[in-house]
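So the chains spell out like this:
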Amino acid sequence: MVTKPDLTVKFCKLELESPYMLSSAPPTCTGEMIMRAFEEGWAGAVTKTIKPDKTAVYDYDNRFGIMGFEDKQMVVFENIEEVTKRPLGTWIKEIKEVKKKYPEKPLIGSLMAEPKEDEWEALARAVSEAGVDMLELNFGCPHGMPERGMGAFCGQRPELIEKLTKASKQGSNVPIMVKLTPNVTDIAFMGKTAEAAGADAISAINTVLGLIGVNIDTFEPMPTVNGKSTFGGMSGPAMKPIAMRCVAQLCQATNIPVSGIGGITTWRDAVEFLLIGANNVQVCTSVMWRGYRLIHDMVDGLTQYLDDKGFSSVKEIQGLTLPKLTAWSKLDKDWEVVAKIDKDKCIKCGICFVGCRDGGYQAIKFEQGKAAEVDEEKCDACSLCTLSCPVPGCITWKRVKK
Amino acid sequence: MSGRTHTTVLTPQDRIKTFDPYVANLIDRTAWYEASRCIMCFDAPCVTACPTRINIPEFIFRIKTRNYRGSAKIIRESNIFGGECGYVCPVERLCESKCVRNNLGEEPVAISLLQRFVYEMEKPKGLVKFDKAPSNKKKVAVVGAGPAGLSAAYELGRKGYEVTVCDSNAKPGGLLIYGILPWKVAWSVAESEIANIKEYGVRLLTKKPIADAKGLLKDFDAVYISTGATKSAGLGIPGEDLPGVHLAQDFLYKVACYVKGEGKAPELKGKKVVVVGGGDTAIDCAMASLRLGAEKVYVLYRRSLSEMPAVPYGRKQAKEEGAEFMLLTAPVKIIGGNKVSGVECVKMELGSPDASGRRSVKPIKGSEFTVETDVVILAVGQKPDEAALKSFGVKVKDGLIEVDKNYATSIKGVFAGGDAVNGGDTVVEAVAEGKKAAEAIDKYLSGRK
């Protein structure tokens, strides 16, 4: 008899069959898409952000950009896309269809309106009454919408976070999750503000404001809309460190569950988010890049990981790493090591040498054809060599007492 | 990042129909990918393994940054025949054999493919040019327009010398044009690089054989002899003079002339061919024979595969095309009446390694057998034309021009290098020797230490 680790997660009142949801973005643009994603195995979905019909939305052609390595190994994805263009009535109809067909799969309605309490309250009422299991307030979108007082415009103003969260609570009959922007100096403060205003959960992060690049042949910024561009929202693998920092800060500062978002491409990324305290994760960019089918390995890899590590449920790993995150001043100053090079593994490329010579402490000796050697007196244990060495396990640490 | 990039290679059936190149080049995308496999070693062993010391990690890095012209500069500043060498270097013995990716248990970075790519990107804008010193009015004659001679001529031309290169052939290039067949590299590559050398003021005189090197010193301040190794060694076995027996160098020269439309090729259609030898030249002869329509080609080699000097890549290509290797087999006698009808062979066995580390071989008594054949090509070594060398008046030892460490011959002011001195090595070695000789000649003529 094979016993499988329990992947279910309880998120506010919601029961998720696994910690994987699709975030509010192009992969959840229509009811039909959400249903296909559910069929493929996604545990839940946040709709593309719904807005009042009177709010005009426009999407420019060529609104995406990427930064990557050889062979389109995308590391950053940019978009200047706005929220849904589809009418509220269409959404209400489709939410009902999705809930009817998949009553057990949590569906979360993402909302955005102008920073007026009555508009948020009305929208929250309309969408919650359509049958979603939760609402997510989009205070995060950093491009386009903020120019009209929406998205990150709200997430960057504590007074609006408070006011609009309260108004939405007023209109909603389901739990409220606030989606925060990383484009602030202190996201933890924004999280605490939302919590105090009655938010039931937080999701973070929305995209990071950036400029993906400039075409050096045409001098046009990217993504180029007929020669010009604007700052946009960055997502994709390279955003993960920023997202993890934000999620950990929110987990440290608040007592409500956090849904982690940002750069999650594989089950390994998801495990990291869970370890730093995320209740569940939301995915978008990697699905846009490779499709809903990514869920299969995400589920299987997580199952296998929990089994290999001897955990019986995903709940057991949530937050395991969080206590190990502390202030810089509280780290162990007695921890002294030096780099140690395994002569047998060394491929004699000299990479550790040149890095240490030009970006470190001149502590490595190297001669062509011979294994590199560490001068322990000079080694300051900065770790550059252990990271740049192309051979796994070749440079390790040796504990020393100075 | 680990897997090496491989380009499209025509099937053996298709490629033997012509003499054209059959290995595709990298394109932008695959070149970037392959370039990203280079670790960018410090004091990289691939560079040390290159006789011309091309800064390989730097040229590859510049492919990654899409600075193709900059990449071409790096290659060309070390090797004026960088395009040609990208195609013909036995990289399995040189740079790629030292790539540290080998130490990781992976295939080496495809340095030759990347070098070809850079040349192909360089070509459309015209090959990279470097500054040239103003004329110093001193004259140097170069005898032999092969890679060693042209490399020396370029270096000296760039330093301001008035260089005249004489060659007996109709076209300059020596082995590049008359010894290397176009399935390895289109002749246009060498031609473009020779045209580039001419732009440094180097005069090229073709169909101009030189006999007296000392005589040249009347008109020139120094002379560089680089007449190559144009003759093949024989085996000294009975029957070598029978019609149907070819010496490898002559054979390849005839095939090259035929492909250029300048002469007739040996008639091999439907014939059986035995190539004797285990070097790269033997492989070239086998592949040329198949392209001339030979029905069956045997390569006879007296040692085993692991001792075979030909690079594994070439062996594999020839085998795919249908050449059959008869290993541990040595010819004893070429049989025939008025023409070749067969080769009497004996099976060999390996003994212990000799001083050079290569295993000795000895015949197995009573193992003689005969291979029926119409044609025999002897590819058992190359050598300079000894009579020509002697005509120059320089001291010749063991069939090679004797030089000191500065490439100076026994006649003051006469220098020599390339295959005429080393007895027959790679194109890249000839280019490197040309560079070094030019340095020595410059020191000699300028009085610099």
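Sequence positions are assigned chain by chain, starting from 1 and proceeding in written order. The order in which chains are written sets their letters, starting at A; the order in which ligands are written sets their numbers, starting at 1. At least 70 in pLDDT is required for a residue's local features to be given in this predicted model, at least 80 for side-chain atom pairs to be given and counted, and no such filter applies to totals for whole chains, interfaces and linings, which use all residues. For side-chain calculations, the full set of non-hydrogen atoms in the structure is used, while hydrogens and water are omitted.

## Considering the state of the cysteines
Basically, it comes down to this: By disulfide we mean two sulfur atoms from cysteines, separated by a distance within 2.5 Å. Only protein chains enter the area calculation, which uses a 1.4 Å probe; residues under 20% of their type maximum are buried, those over 50% are exposed, and those in between are partly exposed.
Summed over all chains, the structure comprises 0 disulfides over all chains. Its sulfur unpaired, Cys352 of chain A is 6.2 Å from the next cysteine sulfur, which belongs to Cys346 of chain A. On the basis of relative accessible area, Cys352 of chain A is assigned to the buried category, the value being 9%. This cysteine, Cys99 of chain B, is not joined by any disulfide, and Cys46 of chain B carries the nearest cysteine sulfur, 6.8 Å off.

## Some points on helix α5 (residues 68-78) of chain B
Residues and elements named next belong to chain B. In plain terms, the rule: Helix and strand labels come from DSSP, where a helix needs a run of H or I of at least four residues and a strand needs a run of E of at least two; each type is numbered from the N terminus. The contact criterion used throughout is that any non-hydrogen atoms of two residues lie within 4.5 Å.
Most of α5 is tucked away: 8 of the 11 residues are buried. What α5 keeps buried is the set Tyr68, Gly70, Ser71, Ala72, Ile74, Ile75, Arg76 and Ser78. For α5, the elements touching its buried residues are α2 (28-35), α4 (56-64), α6 (82-88), α8 (111-122), α11 (187-198) and α18 (427-446).

## Things to note about the pattern of salt bridges
Rules: Any carboxyl oxygen of Asp or Glu within 4 Å of a side-chain nitrogen of Lys or Arg constitutes a salt bridge here.
This structure, assessed with the given rule, holds 43 salt bridges over all chains. Ionic contacts of the salt-bridge type, sharing partners, join the residues Arg15, Arg291, Lys316, Glu320 and Glu321 of chain B into one network.

## A few points about the sheet that holds strand β3 (residues 203-205) of chain B
Residue and element names in this part refer to chain B. How we decide: Pairing between strands is defined by DSSP: at least two bridges between them are needed. Axis definition: a line fitted to C-alpha atoms, limited for helices to the stretch in contact. Angles are taken between N-to-C directions and run from 0 to 180 degrees.
Strand order in this open sheet of 5 strands is β3-β2-β1-β4-β18, and the pairing throughout is parallel. Edge strands, defined here as strands with exactly one partner in the open sheet, are β3 and β18 (414-416). The sheet shows a mean angle of 20 degrees between the axes of neighbouring strands, direction not considered. Of the pairings in the sheet, the one linking strand β2 (residues 162-166) to β3 comprises 3 bridges and is parallel in character. Paired with Val165 across the two strands is Leu204, which belongs to β3. Where α18 meets the sheet, its contacts fall on β1 (139-143), β4 (222-225) and β18, and the angle it forms with β4 comes to roughly 165 degrees.

## Quick look at the sheet that holds strand β8 (residues 296-300) of chain B
Residue and element names in this part refer to chain B. Read across the open sheet, the 5 strands follow the order β6-β14-β7-β8-β9; overall the sheet is parallel. Pairing within the sheet leaves two strands with one partner each, and these edge strands are β6 (245-247) and β9 (324-326). Averaged over all adjacent pairs, the angle separating strand axes in this sheet is 25 degrees, with direction ignored. With 5 bridges joining them, strand β7 (residues 272-276) and β8 adopt parallel strand pairing. Its bridge partner being in β8, Lys272 is matched across the sheet by Lys296. Running at roughly 85 degrees to β6, helix α13 (residues 248-260) makes contact with β6 and β14 (375-378) of the sheet.

## Topic: α13 of chain B
Residues and elements named next belong to chain B. Note the cut-off: Residue count minus one, scaled by 1.5 Å, sets the expected span of a helix.
In this model α13 runs 18 Å from its N-terminal to its C-terminal C-alpha over 13 residues, within 8% of the 18 Å that 1.5 Å per residue would give. Listed in full, the buried residues belonging to α13 are Ala248, Gln249, Phe251, Leu252, Val255, Ala256, Cys257 and Lys260. Of the residues flanking the end of α13, it is Gly261, one or two places downstream, whose phi is positive at about 80 degrees.

## What to know about the domain arrangement of chain A
Spelled out, the test is: Per the annotation, domain bounds derive from an automatic or database assignment of domains.
As far as domains go, chain A holds domain 1 (9-324) and domain 2 (332-399). The C-alpha centroid of domain 2 of chain A is placed 41 Å from the C-alpha centroid of domain 1 of chain A.

## Structural notes on the interface of chain A and chain B
Going by this rule: A quick way to say it: buried area is the sum, across both parts, of accessible area lost when two parts are put together, with a 1.4 Å probe. Distance and chemistry together define a polar contact, namely a pair of N or O atoms within 3.5 Å, with one atom able to donate a hydrogen and the other to accept it when in protein, and with adjacent residues in sequence counting only for side-chain atoms on both sides. Residues are grouped as follows: nonpolar covers Ala, Val, Leu, Ile, Met, Phe, Trp, Tyr, Cys and Pro; charged covers Asp, Glu, Lys and Arg; every other residue, Gly included, is treated as polar.
Facing the 14 residues of chain A at the interface are 16 residues of chain B. Taking both sides of the interface into account, the surface hidden between chain A and chain B amounts to around 1,200 Å²; carbon and sulfur atoms contribute 63%. Counting the contacts that link chain A with chain B gives 0 salt bridges. For the pair chain A and chain B, the interface holds 5 residue pairs in polar contact (both at pLDDT 80 or more). Class assignment for the residues of the side of chain A that touches chain B results in 8 nonpolar, 2 polar and 4 charged.

## Here's the deal with the nonpolar core
One broad trend across soluble globular proteins is that nonpolar side chains are buried collectively. All names here are of chain B. Defined as follows: Put simply, buried Ala, Val, Leu, Ile, Met, Phe, Trp, Tyr and Cys residues joined by side-chain atoms within 4.5 Å make one nonpolar core.
In terms of nonpolar packing, the biggest core is built from 138 residues, with Phe59, Ile63 and Val275 touching the most fellow members. For this core, the element with the highest residue contribution is α18, accounting for 9 residues. Not counting residues up to four positions away in its chain, the partners in contact with Phe59 are Ile54, Ser71, Ile74, Ile75, Ile111, Leu114, Gln115 and Val118.

## As for the domain arrangement of chain B
Residues and elements named next belong to chain B. The domain architecture assigned to chain B consists of domain 1 (12-125), domain 2 (139-230 + 384-446) and domain 3 (232-381). The contact between domain 1 and domain 3 buries some 1,100 Å² in all, and 55% of this surface belongs to carbon and sulfur atoms. When residues of domain 1 are sorted by the area they lose upon contact with domain 3, Ile16, Phe19 and Glu92 head the list and together hold 52% of the total. Notably, a salt bridge pairs Asp280 with Arg93, separated by 3.1 Å at the nearest N-O pair. Viewed at the interface, domain 3 and domain 1 are joined by 8 residue pairs in polar contact (both at pLDDT 80 or more).

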